[in-house]
Protein chains: 2
Amino acid sequence: MTKLHVCLTPALIPLFKVEDYIVVVIDIFRATTSICYGIGNGAEAIIPVSQVEECLAYQEIHPEYLLAAERNGEVVDGFNFGNSPFSYTKEKVSGKTVVLTTTNGTHALHLSRSAKRIIIGSFLNLTAVCNWLKDQHENVLLVCAGWKNNFNLEDTLFAGAVAEQLKNGVFRLDDAALAANDLYQLAKDDLDGYLKKTSHSERLKQLGIEKDIAFCLNVDLTTAIPVLNGERLVKLG
Amino acid sequence: MTKLHVCLTPALIPLFKVEDYIVVVIDIFRATTSICYGIGNGAEAIIPVSQVEECLAYQEIHPEYLLAAERNGEVVDGFNFGNSPFSYTKEKVSGKTVVLTTTNGTHALHLSRSAKRIIIGSFLNLTAVCNWLKDQHENVLLVCAGWKNNFNLEDTLFAGAVAEQLKNGVFRLDDAALAANDLYQLAKDDLDGYLKKTSHSERLKQLGIEKDIAFCLNVDLTTAIPVLNGERLVKLG
């Protein structure tokens, strides 16, 4: 049987033989949501990096690239925008390349680099991701980017949402996928309400990005699937 | 507020500043269940080791020690018994010291060794553990021993059972504790049925230890709490 496994934090990636899987990287608040939205809105490519300095290095060579970085919820001086998905509208990103600073997401991508293929998931492209995975006939590893290598609920819930769509087919779920799916079933009728009890939600509220959070829980706004090609995320097609 | 955190696998222990916590080590199938049962039944001490060879080294110095080790569900030749909790009855262990081979449990104990205190939890001593934790006014870290550093459901469910008893007091739960508690609430009316869907359960069934599994899910058979004292687990008291 084909495997559907969930890696609950990047710290657990070394336990998996990543080259045997298609990896879906998940960082719901907010990196992978912004990436899916941006690619769905016609961005030519999004390049995820972990440090502000790397962003600047790209711009030296490619002054036309847009730069996205935040520190403590504020756009970094001299950058085009922060990490809010609302920055990735058609008007702003269509036809452009964006260099995006995201610590947890980049960490997860880097550790998954030997996978058969790496795609990006979020609630915004949930069903498109699931349908594509069903067609691949490959083992699937859902990698939750977490928060500084810690487990978090929002990424796990998305993993559970994928498991919900894949579980009655050919896939065999591991314990983490079973747990994620059960949590998703508890939460699915009110994802926002369910996540309000988490510590992360408290932290994000303090950053004043509650509108972003609500947006990140929209399901199936796009059918675009970002796929890693070298160091660039581009539209799978 | 006092912290109630859950470490879902030993691979995540380095993310916690263990010296700030009382640690509860959890390895439901079957090491920590057997340890609680043995200490409850009057064993003088239980010494957890990871290798059969370490067991033998103890016996050279202390020929009176009982040795417990299994390979593939069979008692290792020359050993007194395996890892079944049914080996830890009063008749067999009262007044004795047992050297117990347990890979996952020993791994978790070793990585937790700088904790303020390390105790052993299982469904058998659930309420005793919770009552004692409530009296300590210290941060609590529930360490799931897992399976070769992987997440497993049975240890997580026990962590959720502890969270259930502690959550409405002074403790603040992290995301992993919230998730574990929600899973426990789903499973609590039929722990055995819930766990039947896991891959681990399948593996254990093949070992022919279903009776052990059912026993490991008995709640509050004992009020004994094993505590680590040097390399020995003894009765807290």
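Conventions used here
Residues numbered from 1 in each chain as written. Chains lettered and ligands numbered in written order. Predicted model: local features only at pLDDT ≥ 70, side-chain atom pairs only at ≥ 80, totals over all residues. Heavy atoms only, no water. Helix = DSSP H or I, 4+ residues; strand = E, 2+ residues; numbered from the N terminus. Rg over C-alpha atoms; globule rule 2.2 N^0.38 Å. Buried < 20%, exposed > 50% of the residue type's maximum accessible area, 1.4 Å probe, protein only. Contact = heavy atoms within 4.5 Å. Areas by Shrake-Rupley, 256 points an atom, 1.4 Å probe, with all protein chains shown as cover. Lys, Arg positive; Asp, Glu negative; His and termini not counted. Charge placed at Lys NZ, Arg CZ, Asp CG, Glu CD. Polar contact = N/O pair within 3.5 Å; in protein donor to acceptor, adjacent residues only side chain to side chain. Buried area = accessible area lost by both parts, 1.4 Å probe. Salt bridge = Lys/Arg side-chain N within 4 Å of Asp/Glu carboxyl O. Least-squares fit on C-alpha atoms with pLDDT ≥ 70 in both. Disulfide = S-S within 2.5 Å. Core = buried A, V, L, I, M, F, W, Y, C linked by side-chain atoms within 4.5 Å. Axes fitted to C-alpha atoms, helices over the stretch in contact; angles between N-to-C directions. Parallel < 35°, antiparallel > 145°, perpendicular 65-115°, else oblique. Nonpolar A, V, L, I, M, F, W, Y, C, P; charged D, E, K, R; others polar. Phe/Tyr/Trp six-rings, centres within 6.5 Å; stacked < 30°, edge-to-face > 60°.

### Side note on the overall build of chain A
And then number 1: When you go through chain A residue by residue, the secondary structure sums to 10 helices and 12 strands.
And then number 2: In summary, chain A has a C-alpha radius of gyration of 17 Å against a globular reference of 18 Å for 237 residues, a match within 12%.
And then number 3: Expressed as lengths along the three principal axes of its C-alpha atoms, the size of chain A is roughly 50 × 35 × 30 Å.
And then number 4: Out of the 237 residues in chain A, the part that is buried amounts to 60%.
And then number 5: Here the contacts in chain A between residues at least 6 apart in sequence split such that 76% fall between residues at least 24 apart.
And then number 6: Approximately 9700 Å² of chain A is accessible, and the part contributed by carbon and sulfur atoms is 46%.
And then number 7: Taken together, the 22 basic and 28 acidic charged side chains of chain A have centroids lying 3 Å from each other.

### Topic: helix H4 (residues 103-111) of chain A
All names here are of chain A.
And then number 1: Among the residues making up H4, those that are buried are Asn104, Gly105, Thr106, Ala108 and Leu109.
And then number 2: Tucked into the core, H4 has its buried residues touching strand S2 (21-26), strand S3 (45-49), strand S8 (117-121), strand S9 (139-144) and strand S11 (226-229).
And then number 3: Where H4 begins, the side chain of threonine 102 points an oxygen toward the backbone nitrogen of glycine 105, at a separation of 3.3 Å.

### Thoughts on the interface of chain A and chain B
Bring the parts together and some accessible area is lost; that lost area is often taken as the interface size.
And then number 1: Between chain A and chain B, the residue contacts involve 26 residues of the former and 26 residues of the latter.
And then number 2: Interface area, chain A with chain B, both sides summed: about 2000 Å², of which 66% is carbon and sulfur.
And then number 3: By the criterion of area lost to chain B, the three top residues of chain A are Phe151, Asp175 and Asp182 of chain A, representing 26% of everything that side buries.
And then number 4: At the junction of chain A with chain B, the criterion picks out one salt bridge.
And then number 5: Between aspartate 182 of chain A and lysine 197 of chain B there is a salt bridge, with the nearest N and O atoms lying 2.8 Å from each other.
And then number 6: For the interface between chain A and chain B, the tally reads five residue pairs in polar contact (both at pLDDT 80 or more).
And then number 7: Listed by contribution, the elements that provide at least two residues to the side of chain A that touches chain B are helix H6 (153-166), helix H7 (175-187) and helix H9 (199-206) of chain A.
And then number 8: Here the side of chain A that touches chain B gets seven residues from one element, more than from any other, and that element is H7 of chain A.

### What to know about the relation of the copies chain A and chain B
And then number 1: Once chain A is rotated about the relating axis by 180° and shifted along it by 0.0 Å, it coincides with chain B to within an RMSD of 0.0 Å. On this basis, the relationship between the two copies can be described by a two-fold rotation axis.
And then number 2: Both copies share a contact surface, since 100% of the interface residues of chain A are interface residues in chain B too.

### Some points on the state of the cysteines
And then number 1: Here the structure, examined in full by the defined rule, presents zero disulfides over all chains.
And then number 2: Left without a disulfide partner, cysteine 7 of chain A is nearest to the cysteine sulfur of cysteine 144 of chain A, which lies 7.4 Å away.
And then number 3: Given the relative accessible area of 1%, cysteine 7 of chain A is considered buried.
And then number 4: Not engaged in a disulfide, the cysteine cysteine 36 of chain B finds its nearest cysteine sulfur in cysteine 216 of chain B; these two sulfurs lie 10 Å apart.

### Some remarks on the nonpolar core
And then number 1: If you look at the biggest cluster of nonpolar residues, it comprises 168 residues, and the most contacted ones within it are Leu133 of chain A together with Leu133 of chain B.
And then number 2: Setting aside anything within four residues of it in sequence, one finds leucine 133 of chain B in contact with Ile22, Val24, Ile119, Val140, Val162, Leu166 and Phe171 of chain B.
And then number 3: Core analysis: the next-biggest nonpolar cluster, separate from the first, contains 11 residues, Val52, Cys55, Tyr65 and Phe79 of chain B among them.

### Structural notes on the packing of helix H6 (residues 153-166) of chain B against helix H7 (residues 175-187) of chain B
Each pair of packed helices can be summarised by the angle the axes make with each other and by the distance between the axes.
Residue and element names in this part refer to chain B.
And then number 1: With their axes 7 Å apart at the nearest point, H6 and H7 run at an angle of 95° to one another. For the element pair H6 / H7, the angle class is roughly perpendicular. Counted together, Leu153, Thr156, Leu157, Ala159, Gly160, Ala161, Ala163 and Glu164 of H6 and Ala177, Ala180, Asn181, Leu183, Tyr184, Gln185 and Ala187 of H7 form the full contact between these two elements.
And then number 2: Partitioned by chemical class, the residues of the contact of H6 with H7 number 10 nonpolar, four polar and one charged.

### Looking at the environment of valine 162 of chain A
Residue and element names in this part refer to chain A.
And then number 1: By secondary structure assignment, the location of valine 162 is in helix H6.
And then number 2: Once the C-alpha coordinates of valine 162 and asparagine 131 are considered, the two residues, 31 residues apart in sequence, prove to be 9.8 Å apart.
And then number 3: Setting aside residues no more than four positions away along its own chain, valine 162 makes contact with Leu126, Cys130, Leu133 and Leu142.

### Points about the pattern of salt bridges
All names here are of chain A.
And then number 1: Tallied over the entire structure, the rule returns 17 salt bridges over all chains.
And then number 2: In this structure, the salt-bridge partner of arginine 232 is glutamate 44, at a minimum N-O distance of 3.9 Å. Of this pair, arginine 232 sits in strand S12 (residues 232-235) while glutamate 44 sits in the loop between helix H1 (31-40) and S3, placing them 188 residues apart in sequence.
And then number 3: Taking relative accessible area as the criterion, arginine 232 reaches 24% and is therefore assigned partly exposed.
And then number 4: Salt bridges sharing partners connect three or more residues here, namely Arg30, Glu70 and Asp212.

### Considering the packing of aromatic side chains
Residues and elements named next belong to chain A.
And then number 1: Applying the stated rule across the entire model yields 12 aromatic pairs over all chains.
And then number 2: Between phenylalanine 16 and tyrosine 21, the aromatic rings sit 6.2 Å apart at their centres with planes inclined by 80°, giving edge-to-face as the arrangement. There is no split in this pair, since phenylalanine 16 and tyrosine 21 are both buried.
And then number 3: Judged by centre distance (5.2 Å) and plane angle (85°), the ring pair of phenylalanine 123 and phenylalanine 158 falls under edge-to-face. In this pair, phenylalanine 123 is assigned in the loop between S8 and helix H5 (126-136) and phenylalanine 158 in helix H6, connecting sequence segments 35 residues apart.
And then number 4: Following the ring pairs from residue to residue traces out a cluster consisting of Tyr37, Phe86 and Phe215.

### Here's the deal with the side chain of asparagine 152 of chain A
Residues and elements named next belong to chain A.
And then number 1: Mapped onto the secondary structure, asparagine 152 falls in the loop between S9 and H6.
And then number 2: A residue is classified by how much of its surface remains accessible, and asparagine 152, at 2% relative accessible area, is buried.
And then number 3: Of note is the side chain of asparagine 152, whose polar atom sits 2.9 Å from the backbone nitrogen of aspartate 155.

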